Amino acid sequence: MSDTELVRLKPRRIRVVCWSAAVALVVVFALVATSLSGPTGDGYGSFQRGDQIAMIGLGVFGALGFLLFTRPRVEADARGIRVRNVISSYQLPWEVVRGVRFDRGAPWASLELHDDDLLPMVALQAADKELAVEGVRALRRLHQAHQAHLAERAERAVDH
């Protein structure tokens, strides 16, 4: 591993699903909005242009909610790892990471930290199969290279 190697990972399948669902939601809400016209039934109310615009707006906000799930990413290099999940983000040096885990049956990989915390990495999802496995292997190589560098530095310090 070179010091300049950068590993960038993001989920594939969930991005396709979320973008498709977002587009479908906007289309459905736009179709519903165009069908809203005239009286509301036996009452005195009637649908106005503002109601149609509000309905389309609801579809857009719902689509943006779906697109939040396309946000997860992981970037790692020789210095550390940056994890961006749906809502939260973390930037950690390799020194605080004990290991990279992807347990059987787990929906996504996680970082095991030295303080016994588990930090989920939603970008490495089991649904992406081989892509996620390759990503975990790349992260493990970076982590092992950092561990070897620390051991080498400690050995040199003892020798002096």
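Shown above is the structure to which this text applies.
Source: prediction; values computed, not measured. (Residues numbered from 1 in each chain as written. Predicted model: local features only at pLDDT ≥ 70, side-chain atom pairs only at ≥ 80, totals over all residues. Heavy atoms only, no water.)

Student: What is the right way to look at the overall build of the protein in this model?
Tutor: For the protein, the helix and strand inventory stands at three helices and nine strands. Along the protein, from the amino end to the carboxyl end, the secondary structure elements read β-α-β-β-α-β-β-β-β-β-β-α. For 160 residues, the compact-globule formula gives about 15 Å, and the C-alpha radius of gyration of the protein, at 24 Å, lies well above that figure. Each of the 160 residues in the protein was classed as buried or not, and the buried ones make up 29%. Intrachain contacts of the protein at a sequence separation of at least 6 include 49% that bridge at least 24 residues. For the protein, the accessible area works out to roughly 10300 Å², and carbon and sulfur atoms hold 59% of it. (Helix = DSSP H or I, 4+ residues; strand = E, 2+ residues; numbered from the N terminus. Rg over C-alpha atoms; globule rule 2.2 N^0.38 Å. Buried < 20%, exposed > 50% of the residue type's maximum accessible area, 1.4 Å probe, protein only. Contact = heavy atoms within 4.5 Å. Areas by Shrake-Rupley, 256 points an atom, 1.4 Å probe, with all protein chains shown as cover.)

Student: Could you clarify how one ought to interpret the sheet that holds strand S7 (residues 97–101) in this entry?
Tutor: The strands that make up a sheet are held in pairs by hydrogen bonds between backbone atoms, and each pair lies either parallel or antiparallel. With antiparallel pairing, the three strands of this open sheet are ordered in space as S7-S8-S9. This sheet does not close on itself; its edge strands, each paired only once, are S7 and strand S9 (118–125). With strand direction ignored, the average angle separating the axes of adjacent strands in the sheet is 20°. When S7 meets strand S8 (residues 108–113), the two strands line up antiparallel, connected through four bridges. The residue bridging Val 97 from the neighbouring strand is Leu 113, located in S8. Packed onto the sheet, helix H3 (residues 130–159) meets S7, S8 and S9 and runs at close to 160° relative to S7. (Pairing = 2+ DSSP bridges. Axes fitted to C-alpha atoms, helices over the stretch in contact; angles between N-to-C directions.)

Student: I'm lost on the sheet that holds strand S4 (residues 73–76) in this one. Help?
Tutor: Strand order across the open sheet formed by four strands is S1-S4-S5-S6, with antiparallel pairing between neighbours. Looking along the sheet, the strands with just one partner apiece sit at the ends: strand S1 (7–9) and strand S6 (89–93). For this sheet, the mean inter-axis angle between neighbouring strands, taken without regard to orientation, is 10°. Pairing geometry for S4 and strand S5 (residues 80–84), over four bridges, is antiparallel. In the strand pairing of S5, Ala 76 is matched with Ile 81.

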